[in-house]
Amino acid sequence: MATGLRAKLQWLLGCVAIVLCLAGCGREPESALRIGTNVWIGSEPLYLARELGQLNPDVVQLVEYPSASEVLRAFRNQAIDGMVISLDELFGLAVDGLEPRIILVVDVSHGADVVVGRSGMRSMKDLQGKPVAVESGALGAFVLSRALALNGMQAGDVTVVHLESNEQPGAFAKGQVDGAVTFDPYRAQLLQAGATTLFDSTQIPGEIVDLIAVRAGVLDTQPKAIQALLTGWFNAIDYLKREPQDAARRMGIRQQTSGEQFLDALKGLHIPSREENLKMIGGENPELAVSGRRLMALMQEAKLLRTGVEIEKVLAPGPLASLPP
């Protein structure tokens, strides 16, 4: 009896082992990390990394949307795991409890974000009472509010026309708007159509910061994909430094600009290095927390943000800090 029982027990244990093995072998592979972007020069190094074979689409899937507001909507609807987003837009998501976490600062605007008007206009005051195209996301509203405030104007001094960034050049050409809050490649298109720059982000240094942020849970569930994303980004930036003409030519194709135009547009951005990034989002006193609190106060004052958030909680320097040098 004892021998028969022992044999039956061994047989059962063997069956269990086979079932567990089959279950492990049949487990679904980890899904790709979905990162949303809009048409913006600051996002292009991600696509350059993919083109150069430095970002495996099976690990990191880039999802392009026509506008920043579409990217935000996709994140809210859980269609993507992360995105390239401006800091002011991220605050709105954090206030709504969507738990975005900043893993990288991709650029700081220094002239790339602008307000343009009709030829012959010389200042923001020339837009008084005029229709101005503004994207429906937070960034356009923030840039316009700062441009108006610094010129002694108020929100009611212009007529806001909500248009996605890709719709603005056409509306300007048809005379439907006399001004626009914009960025490249649409800035270049508007200037070619005869617009003139009335305000740019050099007048608000450090206030417009673009980031890569992911959903908080992704930090635990897809750490390898996040590492691949960061590695791909810095490999693309290294290539841009080594081969600026070829990199700009490649990135310009997607932006429908020449390589020279792309390099010229990049002059309006500062792309932080890994070391600069660690100072901005990591350490005991992250630089982004200091500038972010100032930005948050400006947004609340302009009624673009209903309440504040604890900035340190949205910073996630861990993946970058653990990235091999």
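Refer to the structure presented above.
Residues numbered from 1 in each chain as written. Predicted model: local features only at pLDDT ≥ 70, side-chain atom pairs only at ≥ 80, totals over all residues. Heavy atoms only, no water.

What to know about the nonpolar core
Condition: The criterion is simple. A nonpolar core is a set of buried Ala, Val, Leu, Ile, Met, Phe, Trp, Tyr and Cys residues joined through side-chain atoms within 4.5 Å. Exposure is judged per residue with a 1.4 Å probe applied to protein chains only, and the accessible area is read against the type maximum: over 50% gives exposed, under 20% gives buried, and values in between give partly exposed. For helices the rule is a DSSP run of H or I covering at least 4 residues; for strands it is a run of E covering at least 2, with both sets numbered from the N terminus onward. Every residue pair with non-hydrogen atoms within 4.5 Å of one another is taken to be in contact.
Within the largest apolar cluster, 94 residues are counted, with the highest numbers of intra-cluster contacts made by Phe91 and Met124. With 10 residues, helix α9 (residues 223–242) is the single largest residue contributor to this core. Not counting the four nearest positions on each side in its chain, Phe91 is found in contact with Gly292, Leu295, Met296, Met299, Leu305, Val309 and Ile311. Ranked by size, the runner-up nonpolar core spans 10 residues in total, among them Val116, Leu163, Ala180 and Leu190.

Concerning the pattern of salt bridges
Definition in use: Put simply, a salt bridge is a Lys or Arg side-chain nitrogen that is within 4 Å of an Asp or Glu carboxyl oxygen.
All chains considered together, the criterion is met by 15 salt bridges. One salt bridge in this structure joins Arg250 and Asp246, with 2.7 Å as the shortest N-O distance. One end of the pair, Arg250, and the other, Asp246, are both in helix α10 (residues 244–255), 4 residues apart, so they sit about a helical turn from each other.

Structural notes on the packing of helix α3 (residues 68–76) against helix α4 (residues 87–95)
For clarity, the cut-off: Every axis in this analysis is a line fitted to C-alpha atoms, fitted for helices over the stretch in contact. Angles between the N-to-C directions lie between 0 and 180 degrees. Roughly parallel here means an angle under 35 degrees, roughly antiparallel means over 145, roughly perpendicular means 65 to 115, and every remaining angle is called oblique. Note on convention: the crossing is left-handed when the near helix lies turned anticlockwise from the far helix by less than a right angle, right-handed when the turn is clockwise.
Look at α3 against α4: their axes get within 12 Å of each other, and the N-to-C directions meet at 25 degrees. As the angle between them shows, α3 and α4 are arranged roughly parallel. Relative to α4, the crossing made by α3 is right-handed. Facing Ala68, Leu72, Phe75 and Arg76 of α3, the residues of α4 in contact are Glu89, Gly92 and Leu93.

Here's the deal with the packing of aromatic side chains
What counts here: Stacked, tilted and edge-to-face are the three classes assigned to paired rings of Phe, Tyr and Trp, where Trp is represented by its six-membered ring and a pair needs centres within 6.5 Å; plane angles under 30 degrees give stacked, over 60 edge-to-face, the rest tilted. By definition, being over a ring means that NZ of Lys or CZ of Arg is both within 6 Å of the ring centre and within 35 degrees of the ring normal.
All chains considered together, the criterion is met by 2 aromatic pairs. Relative to Phe183, the ring of Trp40 lies with its centre 5.3 Å away and its plane at 85 degrees, an arrangement referred to as edge-to-face. You can see Trp40 sitting in the loop between β1 (33–38) and α2 (44–51) and its partner Phe183 sitting in the loop between β8 (179–182) and α7 (186–192), a full 143 residues away along the chain. Taken as a pair, Trp40 and Phe183 share a single burial class, namely buried. Within the aromatic cluster, the residues linked to one another by ring pairs are Trp40, Phe183 and Tyr186. The ring of Phe172 carries Arg118 above its face, with NZ or CZ at 3.8 Å from the centroid. Over the ring of Tyr47 we find Arg254, and its NZ or CZ is 3.6 Å from the ring centre.

Interpretation in functional terms is not warranted from these geometric data alone.
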